[in-house]
Amino acid sequence: MIELPEAILLGRQMNDVLAGKTVTNVFNATHVNKFAFFNGDPLAYKSLLTGLKIRSATGQGIFVDIRFDNDVYLSICDGVKVKYNVRNSPVPDKYQLLLTFDDETFLTFTVAMYGGMYVYQNEFQNSYHQKSMERLSALRADFTEDYFSNSLNNEKPTLSLKAFLATEQRFPGIGNGVLQDILFRAGLHPKRKLNTLTESNKNALYQSIKEVLTTMLAKGGRNTETDLFGKAGGYPTILSKNTYQQACPKCGETIIKENFMGGTIYYCPYCQPI
């Protein structure tokens, strides 16, 4: 899933590689995925994008926005995997969207679980996109401990840490993926309620958010995700599908996997007591 480290990384890579290229053709999905979401009719994307030049790309929150001429945008989010393909690369059998460029390179967009590919002009009327753009990123310098503490104190006291951090885009780009290592390094269980946190817990959580996200970005994203060139990220996740049932690197206890709030959580029962 695209979360903050991957969004920023993909935005930078796209800006470096794609800026200045002109779209020569747009191909729609080779198979139907009912969890691939579009803005309006995806069959209209060809007429909307063909002939336009890419001006820039940026990643923020859970979105990556590609800006074309005339303030036309293509925004992707969630589980969209985008890959840059050089000239004469084989075209994959399955994709939800494919863009070709004037130098015979092309982009493929695929969705395994769910994801959005939205083309629009000027502004996108989507609440999650607006939150990603408008709310304060945890990687900004003005995301201070006071700001975080105020955010925490203004929420329902019985809210779980997972709900607080990874829903409603309170903190753009923090989702169920990056959440796992943030909570592990802070020594906090995903089910812990906000009203059970001590000041020491709150400080540890804030520091963990800053440190884990900074490290993930510096290492090119998580090793459970891929970048624009199909390369896995260099950050080795501590808690993820890759480490389930392995020994905790701190204490040696077996890492636990559970379903919670419609998704999966991982934790060490010793290092993250409930």
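Residues numbered from 1 in each chain as written. Predicted model: local features only at pLDDT ≥ 70, side-chain atom pairs only at ≥ 80, totals over all residues. Heavy atoms only, no water.

Trainee: What exactly am I supposed to notice about the overall build of the chain here?
Mentor: Tallying secondary structure elements over the chain gives seven helices and nine strands in all. Here the C-alpha radius of gyration of the chain, 20 Å, is about what a compact globule of 274 residues would show, namely 19 Å. Dimensions of the chain, computed from the C-alpha atoms along their principal axes, are close to 55 × 35 × 30 Å. With 274 residues in all, the chain has 51% of them scored as buried. In the chain, the share of contacts with a sequence separation of at least 24, taken over all contacts with a separation of at least 6, comes to 64%. (Helix = DSSP H or I, 4+ residues; strand = E, 2+ residues; numbered from the N terminus. Rg over C-alpha atoms; globule rule 2.2 N^0.38 Å. Buried < 20%, exposed > 50% of the residue type's maximum accessible area, 1.4 Å probe, protein only. Contact = heavy atoms within 4.5 Å.)

Trainee: What's the story with the side chain of Thr100 in this structure? I'm lost.
Mentor: Along the chain, Thr100 turns up in strand β6 (residues 97-101). According to the relative accessible area criterion, Thr100 is buried, its value standing at 17%. A polar atom in the side chain of Thr100 sits 2.7 Å from the side chain of Thr24. (Polar contact = N/O pair within 3.5 Å; in protein donor to acceptor, adjacent residues only side chain to side chain.)

Trainee: I keep staring at the packing of helix α1 (residues 4-18) against helix α7 (residues 199-218) and nothing clicks. Help me out?
Mentor: How two helices pack is summed up by the angle between their axes together with the distance between the axes. The N-to-C vectors of α1 and α7 enclose an angle of 35°; their axes lie 9 Å apart at closest approach. Between α1 and α7 the crossing geometry is right-handed. Of α7, the residues touching α1 (which contributes Leu4, Pro5, Ile8, Leu9 and Arg12) are Leu213, Met216 and Leu217. (Axes fitted to C-alpha atoms, helices over the stretch in contact; angles between N-to-C directions. Left-handed = near helix turned anticlockwise from the far one by under 90°.)

Trainee: So what exactly am I meant to see when it comes to the nonpolar core here?
Mentor: Nonpolar side chains in soluble globular proteins tend to be buried together. Counting residues in each nonpolar core, the largest one holds 39 residues, and the members touching the most others are Phe148, Leu165, Ile174, Leu205, Ile209 and Leu213. Broken down by secondary-structure element, the contributors of at least two residues to this core are α1, α4 (145-153), α5 (161-166), α6 (176-186) and α7. For this core, the element with the most residues is α7, which contributes seven residues. Apart from residues lying up to four places away in sequence, Ile209 is in contact with Ala138, Phe143, Phe148, Leu165, Ile174 and Ile182. Val26, Tyr45, Tyr84 and Phe101 belong to the second largest nonpolar core, which has 31 residues in total. (Core = buried A, V, L, I, M, F, W, Y, C linked by side-chain atoms within 4.5 Å.)

Trainee: Would you explain the side chain of Thr243 in this entry?
Mentor: Within the element layout of this structure, Thr243 appears in the loop between α7 and β8 (256-260). The class for Thr243 is buried, based on a relative accessible area of 8%. Among the polar contacts listed, one links the side chain of Thr243 to the backbone oxygen of Ile238, at a separation of 2.7 Å. Apart from residues no more than four positions distant in its own chain, Thr243 is found in contact with Thr237, Ile238 and Ile255.

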